[in-house]
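In case you want the letters, here they are:
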2 protein chains.
Amino acid sequence: MARPPSFNRALAVDDALKLFWRRGYVATSLPELLDAMGVARSSFYATFSSKRELFSECLELFGSRTLTILDKPGGSCENLSVIRTFFNETISEVPEHRISRGCMMVNTVLELADVDLELQILAQTKLDKIQERFQCLILDAQLAGEITGAHCPAELADALMTLNLGIRVQCRKQVERTQLVKSVDTSLRLLGIAA
Amino acid sequence: MARPPSFNRALAVDDALKLFWRRGYVATSLPELLDAMGVARSSFYATFSSKRELFSECLELFGSRTLTILDKPGGSCENLSVIRTFFNETISEVPEHRISRGCMMVNTVLELADVDLELQILAQTKLDKIQERFQCLILDAQLAGEITGAHCPAELADALMTLNLGIRVQCRKQVERTQLVKSVDTSLRLLGIAA
DNA sequence: GAAATTCTGAACCAATCGGTTCAAAATTAC
DNA sequence: GTAATTTTGAACCGATTGGTTCAGAATTTC
């Protein structure tokens, strides 16, 4: 016989995520958050205990979503296409305003490096998981003969992550989507992972 | 017959630069700045008109210093070594704490993308100048036969900048210097610019 | 010493920061 | 209607934000 919850927690987190993603942690003020989430100040603290805690939850969510893109669809074939899809899904098949937000983990690693170590490490750990995933995919690709074994998987995965980080910075600059696609193509070709 | 200026303006700017470089624009508070610069609040506003103006000056300074590294020393030979030196001087031959600050322009592009467009563009413009410099060096290297003409200079310069951006992000993560050197080596080798 | 100039500290400003509290309004089931 | 529960808005907290002002201490030259 109680009044049912009016605002959807998951949706509110998603709105917060988008704002944090764009503006970073420090520059995002509480009023901005409340406005974007459509939640009253008091409800905010009742539901999420603090701005910092909410940011942490958003970061976690963003990280797991990103990792999902790298999940292998079905069969064990075409490991490299998973990597190509990773870039395609975040650059080609996405609205412009989303590209310009870059990657929330990359943004956080840079913003909070000397500001909030705990949150920075959280972002960093997520990036490391992605790199591990890169390495597995490369190893499988080598075993499947999709790619030569000239370079060790760890080395290639590291180069691939460096490329990824670079691209995410490029995203935050005002560059055209076509230019980003070209940058990715060029780099993947040099890495021997081109289509 | 006047009291001579006690604090060195250039040195004070340098202290501010280091702090902004580490902590970014928003998270750096005025008291922190004054403390780092050793300047009283009133002197601060008399000398530099605002925190934002000072940041702009620091960014300008950082950018021009970085470009200096890419100046050709003397003869027209060994264009590629200039590029290699660019990474060496900022990764191998520099104290650890300095590496972990990454690149102030990269940090700024990410932090202020949706916070202060004017300052972001200032940082972005500096990065573009570096990429132009990359392109010139690559073109000269091709004409001098140091490198094959397989790829067009603009494309290579873009890939090189993407690598640079990626490396600067890696710097802000807690990674060992040796790992960074390896990452640079691997990528430069893949780009065909290795030593 | 006097005059000139620079720097400093402290007080002050309005605005905002993240965070807390709580009574009252709103919405449900009964 | 009543009871139960959630959401809300507004008031409030102390601290901090960037920025301003100015009297006076400090240091020089003459």
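Being a predicted model, the structure only gives us computed values, none of them experimental.

A few words on the overall build of chain A. The helix and strand inventory of chain A stands at 10 helices and zero strands. Going from N to C terminus, chain A has its helices and strands arranged as α-α-α-α-α-α-α-α-α-α. Once the C-alpha set of chain A is aligned to its principal axes, its extents read approximately 65 × 40 × 30 Å. The proportion of buried residues among the 195 residues of chain A is 39%. Across chain A, the fraction of contacts at a sequence separation of at least 24, relative to all contacts at a separation of at least 6, is 62%.

Tracing the sequence through the fold places G145 of chain B in the loop between α8 (117-143) and α9 (153-172). Residues G145 of chain B and E78 of chain B, 67 residues apart in the sequence, show an inter-C-alpha distance of 10.0 Å.

On to the interface of chain A and chain B, then. Counting residues at the interface gives 32 residues for chain A and 32 residues for chain B. Counting only elements with at least two residues in the side of chain A that touches chain B, the list comes to α1 (9-23), α7 (104-111), α9 (153-172) and α10 (177-191) of chain A. When residues of the side of chain A that touches chain B are assigned to their parent elements, the largest contribution, 11 residues, is made by α9 of chain A. Classifying every residue of the side of chain A that touches chain B gives 14 nonpolar, 10 polar and eight charged.

The next point concerns the confidence of the model for chain A. Scored by pLDDT, chain A has a mean of 92; 94% of the residues are at 70 or more. Here helix α3 (residues 41-47) of chain A stands out as the element of chain A with the lowest mean pLDDT, 90, in contrast to α7 of chain A, whose mean of 98 is the highest.

We now examine the packing of α9 of chain B against helix α10 (residues 177-191) of chain B. Axis angle and axis distance: for two packed helices, these are the angle between their axes and the distance between the axes, and together they describe the pair. Residue and element names in this part refer to chain B. The geometry of α9 relative to α10 is characterised by a closest axis approach of 11 Å and an angle of 170° between their N-to-C directions. With respect to α10, the axis of α9 lies roughly antiparallel. Contact with α9, carried on its side by L156, A159, L160, L163, I167, Q170 and C171, involves L180, S183, V184, S187 and L191 of α10 and no other residues of that element. Residue composition of the contact of α9 with α10, grouped by class: nine nonpolar, three polar and no charged.

Overlay of chain A on chain B (RMSD 0.0 Å): rotation 180°, translation along the axis 0.0 Å. Look at the turn and shift together and you get a two-fold axis relating the two. For chain A, the residue whose C-alpha comes nearest the rotation axis is G166 of chain A, separated from it by 1.9 Å. Of the interface residues in chain A, 100% have counterparts in chain B that sit at the interface too, so the contact is made through matching surfaces.

Turning next to the environment of L163 of chain B. Position of L163 of chain B relative to the elements: it lies in helix α9. Separated by 20 residues in sequence, L163 of chain B and S183 of chain B place their C-alpha atoms 9.4 Å apart. When sequence neighbours within four positions are dropped, the list of residues in contact with L163 of chain B reads T162 and G166 of chain A together with S187 and L191 of chain B.

Procedures and definitions
Residues numbered from 1 in each chain as written. Chains lettered and ligands numbered in written order. Predicted model: local features only at pLDDT ≥ 70, side-chain atom pairs only at ≥ 80, totals over all residues. Helix = DSSP H or I, 4+ residues; strand = E, 2+ residues; numbered from the N terminus. Buried ≥ 20, exposed ≤ 12 C-beta atoms within 10 Å, placed from the backbone. Contact = placed C-beta atoms within 7 Å. Nonpolar A, V, L, I, M, F, W, Y, C, P; charged D, E, K, R; others polar. pLDDT = per-residue confidence, 0-100. Axes fitted to C-alpha atoms, helices over the stretch in contact; angles between N-to-C directions. Parallel < 35°, antiparallel > 145°, perpendicular 65-115°, else oblique. Least-squares fit on C-alpha atoms with pLDDT ≥ 70 in both.

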